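# Descriptive structure summary
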Amino acid sequence: MMHLPFFYRRFHKMHHRYKSPQPFDDMYIHPLEAIGYYLILYSPAFIFRLHWVGFAVYMSIMGSCGILDHCGIQVEALGLYNTADHDKHHQLFDCNFAFPFVYMDILHGTFAGTFCSRQYSLESLRLRKLKAT
């Protein structure tokens with residue numbers, strides 16, 4: 001949603017100011033975007049019955065991935081997570097929106113990169129967008 005033109009110009013553009021993010025650029029966001037971000041981040045605890053340990057694990061994964069995605073260090077975990085995916089998002093804007101895992105991007109055709117030894121091309125993504133218009 002933050003990449004729709006209305007929201008991007010007014011709220012999210014400042015987060016993309018840095019093409020090669022640094023660790024705390026994860027929180028370099030507009031205050032109104034921060035409210036939405038934290039509502040989404042904390043909502044599972046209010047929507048689902050969660051044990052506090054499960055919620056702590058969830059928050060640890062989300063927080064760690066947020067910092068890793070913006071630290072400039074290449075980290076890959078079991079083929080499930082790769083910091084290069086979010087780096088590509090900051091460089092190109094029109095791909096790899098999902099956080100922290102790429103499943104939703106693959107499902108919606110917005111992933112560019114390698115996942116489980118399969119290459120997803122940014123060019124094919126852009127061609128699909130052109131055909132849709």
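Within every chain, residues take consecutive numbers counted from 1 along the sequence as written. In keeping with the predicted nature of the model, local features appear solely for residues at pLDDT of at least 70, side-chain atom pairs appear and are counted solely at 80 or more, and the whole-chain, interface and lining totals rest on all residues. Think of the side-chain values as coming from all heavy atoms in the structure, minus any hydrogens and water.

### Some remarks on the packing of aromatic side chains
- Pairing of aromatic rings covers Phe, Tyr and the six-membered ring of Trp, with a centre-to-centre limit of 6.5 Å; geometry is then stacked below 30 degrees between planes, edge-to-face above 60, and tilted otherwise. The final tally for this structure, using the stated rule, is 8 aromatic pairs.
- Between Y37 and Y38, the ring centres sit 5.1 Å apart and the planes meet at 80 degrees, which makes this aromatic pair edge-to-face.
- Partly exposed describes any residue whose relative accessible area lies between the buried limit of under 20% and the exposed limit of over 50%, with all areas from a 1.4 Å probe on protein chains only and scaled to the type maximum. For Y38, a relative accessible area of 31% gives the class partly exposed.
- Aromatic ring contacts, followed pair by pair, group Y37, Y38, Y42, F55 and Y58 into a single cluster.

### So, helix α1 (residues 5-12)
- Runs of H or I in DSSP of at least four residues are treated as helices and runs of E of at least two as strands, each being numbered from the N terminus. Of the residues making up α1, those classed as buried are Y8, F11 and H12. Taken end-on, α1 shows its buried residues confined to a sector of 105 degrees, consistent with a single buried face. Facing away from the buried side of α1, by more than 90 degrees, are the exposed residues P5 and R9.
- A contact between two residues is defined here by any heavy atoms of the two lying within 4.5 Å. Considering only its buried residues, α1 is in contact with α2 (31-47). Comment: arc refers to directions from the helix axis out to C-beta atoms.

### Details of α2
- Given a helix with a known number of residues, its expected span is that number minus one, times 1.5 Å. Between its terminal C-alpha atoms α2 stretches 24 Å, which fits the 24 Å expected from 17 residues at 1.5 Å a residue.
- What is called the bend at a residue is the angle between a pair of axes, fitted to the seven residues leading up to and ending at it and to the seven starting from it. Taking the largest bend as the criterion, α2 deviates by roughly 35 degrees, centred on L41, and proline P44 comes between one and four positions later.
- Tucked into the core, α2 has its buried residues touching α1 and α3 (52-69).

### Comments concerning a nonpolar patch on the surface
- Where nonpolar side chains cluster on the molecular surface, the patch consists of W52, V53, V57, I61, L78, L80, F101 and Y103 and spans about 830 Å² of accessible area.
- Sorting elements by how many residues they give to the nonpolar patch places α3 first, with 4 residues.
- V53 gets classed as partly exposed once you look at its relative accessible area, which sits at 38%. For patches, a residue must show more than 30% relative accessible area and have no salt bridge; joins then use 9 Å for like charges and 5 Å for nonpolar side chains, namely Val, Leu, Ile, Met, Phe, Trp and Tyr. Areas reported here follow the Shrake-Rupley algorithm with a probe of radius 1.4 Å; residue values treat only the protein chains shown as occluding. Salt bridge, as used here: a side-chain nitrogen of Lys or Arg that lies within 4 Å of a carboxyl oxygen of Asp or Glu.

### Details of the side chain of D69
- Here D69 shows up in helix α3.
- Of the side chains bearing the opposite charge, K88 lies closest to the buried D69, which forms no salt bridge; the N-O distance is 13 Å.
- N or O atoms closer than or at 3.5 Å make up a polar contact, with two conditions inside protein: a donor-capable atom paired with an acceptor-capable one, and, for residues adjacent in sequence, both atoms drawn from side chains. One polar contact links D69 to Y81, side chain to side chain, over a distance of 2.7 Å.
- If we skip the residues at most four places from it in the chain, D69 touches Y81, T83, H86, D87 and F99. Counted charges follow a simple rule, with Lys and Arg positive, Asp and Glu negative, and His plus the chain ends left uncounted.

### What about the packing of α2 against α3?
- Comment: axis = line fitted to C-alpha atoms, over the contacting stretch for helices; angle = value between 0 and 180 degrees taken between N-to-C directions. The contact between α2 and α3 brings their axes to 10 Å, and the two run at 165 degrees. Considered as vectors, α2 and α3 are oriented roughly antiparallel to each other. Our pair here, α2 against α3, has a crossing hand that is right-handed. Along its contact with α2, which presents I40, L41, Y42, P44 and A45, the element α3 presents F55, Y58, M59 and M62.
- For this classification, Asp, Glu, Lys and Arg are treated as charged, while Ala, Val, Leu, Ile, Met, Phe, Trp, Tyr, Cys and Pro are nonpolar and the rest, including Gly, are polar. Here the residues of the contact of α2 with α3 are counted per class, giving 9 nonpolar, no polar and no charged. Angle categories are assigned with fixed cut-offs, so that under 35 degrees is roughly parallel, over 145 is roughly antiparallel, 65 to 115 is roughly perpendicular, and the rest are oblique. Two helices crossing with the near one rotated counterclockwise from the far one by less than a right angle form a left-handed crossing, whereas a clockwise rotation gives a right-handed crossing.

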